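# Fold and geometry: a report
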Amino acid sequence: MISHWTGDQSTNQSECPPIGLETRVLTNQNDLPLDWRPEYLPIRMISHWTGDQSTNQSECPPIGLETRVLTNQNDLPLDWRPDGFVPSECPPMGLETLKIDDFQLHASTMRRYGLGAHRGRLNIQAGLYDDDLYDGAWCAGRNDPLQWLEVDARRLTKFTGVITQGRSSLCDWVTSYKVLVSNDSHTWVTLKNGSQDLIFIGNKEKEIPVLNMFPVAAVARYIRVNPRSWFNRGSICMRVEILGCPMPDSQNYYHRRNEITTTDNLDFKHHSYKEMRHLMKVVNEMCPNITRIYNIGKSHSGQKLYAIEISDNPGEHEPGEPEFRYTAGSHGNEVLGRELLLLLMQFMCQEYLSGSPRIRHLVHETRIHLLPSVNPDGYDKALEVGSELSGWSLGRWSQDGVDIHHNFPDLNSILWEAETKKWIPRKMLNHHVPIPEWYQSKNSTVTSETRALVSWMEKIPFVLGGNLQGGELVVTFPYDRTRSQGVSREQTPTPDDHVFRWLAFSYASTHRLMTDARRRVCHTEDFAKEDGTINGASWHTAAGSMNDFSYLHTNCFELSMYVGCDKFPHESELAEEWENNRESLLVFMEQVHRGIKGIVWDMQGRGIANATIQVEGIGHDIRTAADGDYWRLLNPGEYSITVRAEGYSASSKVCEVGYDIGATRCDFTVSRTNLSRIKEIMERYNKQPIRQPLRPPVRQLQARRPGPRHRRVRTS
């Protein structure tokens, strides 16, 4: 009841209303005074029937009616307050990010288990192969207007909109639908426009998400989407995201259990290209002694590809200090990696200034490069429509329509053909496989972004790298292409398979969710059973990947980190995603100090560039950098190491790698061969080799020898 005093409040008695009291019975919020009304219409009323509603009479309240006396707006329930207690714009509830678990999703019917309610999540993907159990949508068991997909928010929630897609694998989508809400999942109220049920326009094809905002928000616990029409040659199939704000409720068990908070004071938002550049500048100004901003080239549309270097001597390669890189955004719509790197550079600067021993040691002992946006053109396309409406692929490719991550030369085929023909090491080496001439021609289909990356990778002697991607929770490692022709997936290990598996596990095991066996799979593959890691080729084959190219053409071991199920999470999710990945990002960087390192000297103490470092039993070598320094990633154990350099005698020794972080020092001093010394002397004095005349053949010598009749006879 809304009661406004017009007389003396001291005369108020509980038995009856005082004289002059204005009394109204509220049946809905339309009965509220205009200045009390919030901007949304909740389903929950102040008065709840506990008896038979048919006995309700206007003269008196029915038995069991809950009645409250409101003296001001503070007496309104929290979800009725109009003055900012609840945000006006609500984020996605988390069907795509899996914050909504399978037990919160229900449906009227389903065609089969692989098309059940738990598959009705925005952007969920079907399996890649015909025998996959799971498909990419919820599909009703019957095609009629009685079907529905239901979400249980597990608490009162302010619902503000619905986003829908069709089925990812076939031409099935819903073209119109109603929305219903409830507090008990038994009594349902349809959203209306006046006295008419609201009919929302759905999808026109299967992939592009369609957003429908409610004209008036609704507060309830349950929400249903009820398809009314669908593609005439298809079936009722949907993928859905619900926009909703949880109502304040400190006693809610599910909210307390799932709540993730961060104490880091970072800029948790999506950054446009201009904002990204500004943020990098802010970090550089905060930590000018340990940071440097540079660009590696330009995108197809001319945007510079900015990177930030974090080191105690920025701009300078220090002999003995390994080079590490993180890249992100090669697929422009996979935005989470981009934001994680922007958060990482802020975090490292702040922690360095605050004196964190861990960060200071990492900065002093490593030269770190962060390239947050490899494909800024694609990112701009995805950002234009927003986090929930970019779908699965908008902005994935470069401006000229190329997948940058798989735009590198296929060196696998070149190496494997040479191995088959037994050309290694006589005609070809097992490392630093050269780039084919056709790839370097101007007419080849190579993006400007890829060319910039190749040049960057060749210029700096990177040891370890990670490229952050999205849409899954797994770490993949080379090879990414299957060796068997025509096979779509099979284990294709590198000679350093054990090292790669350790590197992948170092990231996955420290991620908050990747190895959690209880978590729901993002799409179809349960990577948690494999410790959150997988050989790239055993997942799906792809030629010309950045990972394979980096391993075969340079010294750098490169892996892919798929850091979240949602490629483009809502801004409100960034703090939690940072908490999920922060420790993993740091631990993986620290792995660059695992294995052996050293310098290859000549007898005069000069470093020897391009010397080959061979590890017995591992058919993949690396080379020394310009100063003669090298880093070889290895797992703990004893290794026989051999160094070879043109013009020098080979040198070998046994080096032991321990379990603690910190590479074992293993230096070599090699001497010149006699032949190289002779050549050096001749080049120094501009002398040519003395060419001896050819000795005549044996037959000619025999012909010249005198016969018996020509022999002189000694006479006495």
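It should be emphasised that the depicted structure is a prediction, and the values quoted were computed from it without experimental measurement. (Residues numbered from 1 in each chain as written. Predicted model: local features only at pLDDT ≥ 70, side-chain atom pairs only at ≥ 80, totals over all residues. Heavy atoms only, no water.)

### Looking at the confidence of the model for the protein chain
Looking at the protein chain, the pLDDT average stands at 85 and 81% of residues meet or exceed 70. Per-residue pLDDT stays below 50 along residues 709-716; that stretch engages in 1 contact with residues further than four places along the chain or on separate chains. (pLDDT = per-residue confidence, 0-100. Contact = heavy atoms within 4.5 Å.)

### Notes on the pairing of strand β18 (residues 472-477)
Burial analysis of β18 places 6 of its 6 residues in the buried class, which makes it a mostly covered element. Judged by which residues are buried, β18 turns out to be covered on both faces: Glu 472, Val 474 and Thr 476 on one side and Leu 473, Val 475 and Phe 477 on the other are all buried. Looking at chain direction, β18 and strand β20 (residues 557-564) are connected through 5 bridges and run antiparallel. Residue pairing across strands places Thr 476 opposite Ser 560, the latter belonging to β20. The handedness of the β18 to strand β19 (residues 533-535) crossover, carried by helix α9 (residues 497-508), is right-handed. (Buried < 20%, exposed > 50% of the residue type's maximum accessible area, 1.4 Å probe, protein only. Helix = DSSP H or I, 4+ residues; strand = E, 2+ residues; numbered from the N terminus. Pairing = 2+ DSSP bridges. Right-handed = clockwise from strand over helix to strand, strands pointing away.)

### Topic: the sheet that holds strand β26 (residues 651-657)
Sheet strands pair by backbone hydrogen bonding; their relative direction is either parallel or antiparallel. Pairing is antiparallel across the open sheet formed by 4 strands, whose spatial order is β23-β22-β25-β26. Bordering the open sheet on either side are β23 (618-623) and β26, each of which pairs with just one other strand. Neighbouring strand axes in the sheet, compared pairwise and without regard to direction, differ in orientation by 30 degrees on average. (Axes fitted to C-alpha atoms, helices over the stretch in contact; angles between N-to-C directions.)

### Brief notes about the sheet that holds strand β17 (residues 462-469)
Across the sheet, which stays open at both edges, the 8 strands sit in the order β13-β14-β16-β15-β17-β20-β18-β19 with mixed pairing between neighbours. Strand pairing shows two members of the sheet lacking a second neighbour, β13 (291-298) and β19, which therefore form its edges. Across the sheet, the mean angle separating the axes of adjacent strands is 25 degrees when strand polarity is ignored. Bridging between strand β15 (residues 323-328) and β17 involves 6 bridges; their strand directions are parallel. Bridge pairing links Tyr 326 to Gly 466 in β17. Contacts between helix α8 (residues 448-459) and the sheet are confined to β13, β14 (304-310), β15, β16 (367-371) and β17, with β13 contributing the most and set at about 130 degrees to the helix.

### Topic: the state of the cysteines
Each disulfide consists of a covalent bond between the sulfur atoms of two cysteine residues. Scanning all chains against the criterion turns up 5 disulfides. With its sulfur 1.9 Å from that of its partner, Cys 287 forms a disulfide with Cys 349. The chirality of the disulfide connecting Cys 287 with Cys 349 is right-handed, given an S-S dihedral of about 90 degrees. Taken as a pair, Cys 287 in the loop between α2 (273-286) and β13 and Cys 349 in helix α3 (residues 336-353) lie far apart in primary sequence, 62 residues in all. Grouping residues by exposure puts Cys 287 and Cys 349 together as buried. A disulfide bridge connects Cys 522 with Cys 565, and the sulfur atoms are separated by 1.9 Å. (Disulfide = S-S within 2.5 Å.)

### As for the pairing of β15
Across the 6 residues that make up β15, a large majority, 6, are buried. Side chains Glu 323, Arg 325 and Thr 327 of β15 all project onto a buried face; the interleaved residues Phe 324, Tyr 326 and Ala 328 project onto the opposite face, where all are buried too. As paired elements, β15 and β16 share 5 bridges and run parallel to each other. Residue pairing for β16: Tyr 326 is matched across the bridge by Leu 370.

### Some details on the packing of α8 against helix α11 (residues 546-553)
To characterise two packed helices, one gives the angle between the axes of the helices and the distance between these axes. As a packed pair, α8 and α11 sit with axes 11 Å apart at the nearest point and diverge in direction by 35 degrees. With respect to the hand of their crossing, α8 and α11 are arranged in right-handed fashion. Contacts between α8 and α11 involve Val 454, Met 457 and Glu 458 from the former and Met 546, Phe 549, Ser 550 and His 553 from the latter. When grouped by side-chain class, the residues that make up the contact of α8 with α11 number 4 nonpolar, 2 polar and 1 charged. (Left-handed = near helix turned anticlockwise from the far one by under 90°. Nonpolar A, V, L, I, M, F, W, Y, C, P; charged D, E, K, R; others polar.)

### Describing the pattern of salt bridges
Two side chains with opposite charge may pair up if their charged atoms get near one another. One pass over the structure, following the stated rule, counts 37 salt bridges. Asp 496 serves as the salt-bridge partner of Arg 632, at 2.9 Å between the closest nitrogen and oxygen. Of this pair, Arg 632 sits in strand β24 (residues 629-632) while Asp 496 sits in the loop between β18 and α9, and the two are 136 residues apart along the sequence. Residue classification places Arg 632 among the buried residues on the basis of a relative accessible area of 1%. (Salt bridge = Lys/Arg side-chain N within 4 Å of Asp/Glu carboxyl O.)

### Some details on helix α5 (residues 376-385)
Every buried residue belonging to α5 is among Pro 376, Asp 377, Gly 378, Tyr 379 and Ala 382, and all of these are buried. Looking at the buried positions of α5, the neighbouring elements they touch are α2, β14, α3 and α8. Once α5 ends, the next one or two residues include Gly 386, with phi positive near 105 degrees.

### Focus: the packing of aromatic side chains
Counted by the stated rule, this structure contains 20 aromatic pairs. Each ring, one from Tyr 177 and one from Phe 200, has its centre 5.6 Å from the other, and the planes form 25 degrees; the classification is stacked. Within this pair, whereas Tyr 177 is found in strand β6 (residues 174-182), its partner Phe 200 is found in strand β10 (residues 200-201), the two being separated by 23 residues in sequence. The burial state of Tyr 177 is the same as that of Phe 200; both residues are buried. Consider the rings of Tyr 551 and Phe 557, whose centres lie 5.4 Å apart with planes at 80 degrees: the pair is edge-to-face. You can call Phe 557 buried: its relative accessible area is 2%. (Phe/Tyr/Trp six-rings, centres within 6.5 Å; stacked < 30°, edge-to-face > 60°.)

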